[in-house]
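Single-letter residue listing:
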Amino acid sequence: MSSDGVHWHQRLHPHLLDADAGDLERALWVVVALSLVGDVATTFAGLHLGLAESNPVARGAIDGYGVLGMLVLKALAVGVGLACRLLLDRPYRPIVPAALAVPWLAAVFINLYMISLTF
């Protein structure tokens, strides 16, 4: 069984184009902002306690430029997300902030877990 996607688009498109899709996207961008702040804060709290950054790109940015390096990496990720968002039809745009927020929220929980082990 296969589909060319036309039927899905016709079924989903009208429902997702209403104001709820815009509200969902706005809410997800708020989650992105909160998860970004949470990730940066918990990362630097963990580093202060003697933990190590496991992401080699982030580690290099932090080692070279500190908090500014980490914020530049986050800004680049958000910038790529915003650029890619423009390529999507309106109903599918909420996937961009979701794709940013989910791994950053996971990082916050991992960081909090690792920090809790130091006490």
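Everything below is about the structure shown above.
Residues numbered from 1 in each chain as written. Predicted model: local features only at pLDDT ≥ 70, side-chain atom pairs only at ≥ 80, totals over all residues. Heavy atoms only, no water.

### Comments concerning the nonpolar core
Right, on to step 1. Core analysis: the biggest nonpolar cluster contains 10 residues, these being Val 32, Leu 36, Val 40, Ala 58, Ile 62, Met 70, Val 78, Leu 100, Ala 101 and Trp 104.
Right, on to step 2. Among the elements of the structure, α2 (19-48), α3 (56-85) and α4 (95-117) are those that each provide at least two residues to this core.
Right, on to step 3. Ranked by residue count, the leading element in this core is α3, at four residues.
Right, on to step 4. Apart from residues lying up to four places away in sequence, Leu 100 is in contact with Trp 29, Val 32, Ala 77 and Val 78. (Core = buried A, V, L, I, M, F, W, Y, C linked by side-chain atoms within 4.5 Å. Buried < 20%, exposed > 50% of the residue type's maximum accessible area, 1.4 Å probe, protein only. Helix = DSSP H or I, 4+ residues; strand = E, 2+ residues; numbered from the N terminus. Contact = heavy atoms within 4.5 Å.)

### Re the side chain of Glu 25
Right, on to step 1. Mapped onto the elements, Glu 25 comes out in helix α2.
Right, on to step 2. Residue Glu 25 is classed as buried on the basis of its relative accessible area of 9%.
Right, on to step 3. Apart from residues lying up to four places away in sequence, Glu 25 is in contact with Arg 85, Arg 93, Pro 94 and Pro 97.

### What to know about α3
Right, on to step 1. In this model, α3 (30 residues) spans only 27 Å end to end at C-alpha, well below the 44 Å of a helix rising 1.5 Å per residue.
Right, on to step 2. Remark: the principal bend of α3, roughly 140°, maps to Tyr 65.
Right, on to step 3. By the N-cap criterion, in which a side-chain oxygen at the helix start approaches the backbone nitrogen of a residue two or three places on, α3 is capped by Asn 55, the distance to Val 57 being 2.9 Å. (Expected span 1.5 Å × (residues − 1). Bend = angle between axes of the 7 residues up to and from the residue. Polar contact = N/O pair within 3.5 Å; in protein donor to acceptor, adjacent residues only side chain to side chain.)

### Quick word on the pattern of salt bridges
Right, on to step 1. Going through the model one piece at a time under the given rule, you end up with three salt bridges.
Right, on to step 2. A salt bridge links Asp 23 to Arg 26; the nearest nitrogen and oxygen atoms lie 2.5 Å apart. Taken together, the positions of Asp 23 and Arg 26, both in helix α2 and three residues apart, correspond to about one turn of that helix.
Right, on to step 3. Judged by its relative accessible area of 40%, Asp 23 falls in the partly exposed class.
Right, on to step 4. Measuring nitrogen to oxygen at the nearest pair gives 2.4 Å for the salt bridge that ties Glu 25 to Arg 85. Pair noted here: Glu 25 is in helix α2 and Arg 85 is in helix α3, with a separation of 60 residues, a long-range link. (Salt bridge = Lys/Arg side-chain N within 4 Å of Asp/Glu carboxyl O.)

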